[in-house]
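Listed below, chain by chain, are the residues.
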Amino acid sequence: MREVPMKKVLVVGGAGYVGCVLVEELLAKGYSVRVLDRLFFGRDALGSSLDRVELLTEDMRELDPSHFEGCGAVINLGGLSNDPTAEFDPRANEELNTDAAIRVAEMARQADVERLVFASSASIYDQGVGQEAEDVLMDEEYPVDPKAAYATSKLAAERRILPLAGPEFAPVAFRMGTVFGFSPRMRYDLVVNTFVKDALSEGRIHVFYGGSMWRPLIDVKDAARAYVNALACDPQLVRGQVFNLAAGNFRVSELALRAQRTLQKLGVPVELDIDYSYRLVRSYRITSQRAQRMLGFSPRVTVEESIEHMVAEIRRHGYTDFSHPRYYNIEWMKVLEEAAQIVSRHGYVLSQLVEAPEPARQPGVVSRISSARTGRAG
Ligand SMILES: NC(=O)c1ccc[n+]([C@@H]2O[C@H](COP(=O)([O-])OP(=O)(O)OC[C@H]3O[C@@H](n4cnc5c(N)ncnc54)[C@H](O)[C@@H]3O)[C@@H](O)[C@H]2O)c1
């Protein structure tokens, strides 16, 4: 594998949950980093990286060629990051996860960027309730036909981005399983993180429908390392390819048990609250052998290690205000949209110190079409 020191990488969505950890990893590997982000979750999570990165507070739908200048690679993590937010604003989902993602790739190619990694999702394999009876380990060739808006938008983007591959441009898509672990931009709306949050806040882990469903999972640091590997490996091997990315597949019930044991060892009393009612639920498993073979992807962090680290870091950073909406993407988007509606009237909340926004660009936060949003937020 080729190391590429001091290449500049543009990370779209680099101030998010995966982004903050990835930026640290890139800097540690000697890359210089430009982050382009709307900063929905603020900038503070970039922490000590802040004074070492170039930060562009821009909307990924409004890129211009200067944003790509001097970059050898682009990693696109921007947009809506789960089912509830995609369903909350289908228009924004299409604009960000499909249209803007394609545009980022097209503009990267025009700007002579050599490589692009697009954050897709393993939920593309999810065929919806009722299909889990097949219970097969799915590789990248497995036929996909997602039903949910989020997965559909990611697949549509993949299908336009990967054919842009050429001798000078190597686009890659990562179908990531659900990520877990601590990030300075913390999310408690991801299954393992939710278990830890529930344990710390109420001493209980809630498991629904017996927890028999499978989920592919990966620690956030392992995910970050995989992105860095994708920049360093031979472009001939990866151009135009999809890679599944998961450290393993776990039944939710097993995860809950493992979380309980780990937390108990750390002195956190936890009971399992298992709902044994029966309902068909989504369930899917993937294999990451292609990434192991071609990217040298080799996950290092176990669920147990990740939970231990998470508990320590949550306490160290004081992220114990567990009910704050910023930790839950859908809750936070609703808050922002409601705030945008209020601010749009006067251009400020309490004092007029901040410059009033240009009326033409307001008030939509996630979606820019304000008339389509009225009455939906909050
Ligand atoms: N976290 C997971 O479990 C997971 C799993 C599979 C795939 N993914 C994908 O990985 C990527 C990163 O996920 P994450 O968990 O870090 O999500 P996140 O929501 O924490 O981060 C997304 C970032 O994109 C930024 N953003 C949103 N809209 C923007 C816009 N219009 N212009 C510029 N920036 C914008 C946000 O401010 C945020 O910083 C996403 O594409 C997600 O779909 C995540």
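Just so it is clear, the model here is predicted, and its values are computed rather than measured.

A look at the sheet that holds strand β11 (residues 241-245)
Taken together, 7 strands build an open sheet; the order of strands is β3-β2-β1-β4-β5-β7-β11 and the sheet is parallel. Edge positions in the open sheet fall to β3 (54-56) and β11, since each of these has one partner strand only. Each strand axis lies, on average, 20° off the axis of its neighbour in the sheet, ignoring direction. Bridging between strand β5 (residues 115-121) and strand β7 (residues 170-176) involves 7 bridges; their strand directions are parallel. Among the inter-strand pairings, V117 is bridged to a residue of β7, identified as V172. With respect to the sheet, helix α4 (residues 149-161) is in contact with β5, β7 and β11, its orientation differing from that of β5 by roughly 155°.

A closer look at the environment of Q236
Of note, Q236 is situated in helix α7 (residues 235-238). Between the C-alpha atom of Q236 and that of P167, which follows or precedes it by 69 residues, the distance is 8.5 Å.

Comments concerning the nonpolar core
Ranked by internal contacts, the top residues of the largest apolar core, which has 106 residues, are V9, V11, V74, V192, A223, L245 and A259. At 8 residues, the largest contribution of residues to this core is made by helix α6 (residues 220-232). If we ignore the near neighbours within four places in the chain, the residues touching A223 are V18, M176, V179, I218 and L245.

Digging into the packing of helix α5 (residues 191-202) against helix α10 (residues 303-317)
In the contact formed by α5 and α10, the axes pass within 11 Å of each other and the chain directions differ by 50°. Overall, the two elements α5 and α10 adopt an arrangement that is oblique. Read as a crossing pair, α5 and α10 show a hand that is right-handed. For the pair formed by α5 and α10, the contact residues are V192, N193, V196 and L200 on the first element and V303, I307, M310, V311 and I314 on the second. Within the contact of α5 with α10, the residues separate by chemical class into 8 nonpolar, 1 polar and no charged.

Thoughts on the sheet that holds strand β12 (residues 248-251)
A sheet is described by the order of its strands in space; here 3 strands give the open sequence β8-β10-β12, paired in mixed fashion. Whereas interior strands pair on both sides, the edge strands pair on one side only; in this sheet they are β8 (178-180) and β12. The sheet shows a mean angle of 50° between the axes of neighbouring strands, direction not considered. Sitting on the sheet, helix α8 (residues 252-265) is in contact with β10 (214-219) and β12, with an inclination near 90° to β12.

Topic: α8
Under the 1.5 Å per step criterion, the end-to-end length of α8 is 20 Å for 14 residues, consistent within 8% with the ideal 20 Å. Those residues of α8 lying buried are V252, L255, A256, A259, Q260, T262 and L263. Once α8 finishes, G267 follows within two positions and takes phi at roughly 85°, a positive value.

A word on the site of the ligand
Inspection of the region around the ligand gives 28 residues, with G13, G16, Y17, S81 and A119 positioned closest. Of all elements in the fold, only α1 (17-28), β5 and β8 reach the threshold of two or more residues within the shell around the ligand. If you tally residues by element for the shell around the ligand, the top one is α1, at 3 residues. A per-class count over the shell around the ligand returns 13 nonpolar, 9 polar and 6 charged.

Here we look at unusual backbone geometry
Although it is not a glycine, L39 sits at a positive phi angle of roughly 60°. Checked against the element boundaries, L39 lands in the loop between β2 (32-36) and β3. Given 15 C-beta atoms within a 10 Å radius, L39 is considered partly exposed. The residue Y209 is not glycine, and still its phi comes out positive at about 50°. Here Y209 is to be found in the loop between β9 (204-207) and β10. Of the residues examined, Y209 has 16 C-beta atoms within 10 Å and is grouped as partly exposed.

Cut-offs used in this document
- Residues numbered from 1 in each chain as written.
- Predicted model: local features only at pLDDT ≥ 70, side-chain atom pairs only at ≥ 80, totals over all residues.
- Pairing = 2+ DSSP bridges.
- Helix = DSSP H or I, 4+ residues; strand = E, 2+ residues; numbered from the N terminus.
- Axes fitted to C-alpha atoms, helices over the stretch in contact; angles between N-to-C directions.
- Contact = placed C-beta atoms within 7 Å.
- Core = buried A, V, L, I, M, F, W, Y, C linked by C-beta atoms within 7 Å.
- Buried ≥ 20, exposed ≤ 12 C-beta atoms within 10 Å, placed from the backbone.
- Parallel < 35°, antiparallel > 145°, perpendicular 65-115°, else oblique.
- Left-handed = near helix turned anticlockwise from the far one by under 90°.
- Nonpolar A, V, L, I, M, F, W, Y, C, P; charged D, E, K, R; others polar.
- Expected span 1.5 Å × (residues − 1).
- Near = placed C-beta within 6 Å.

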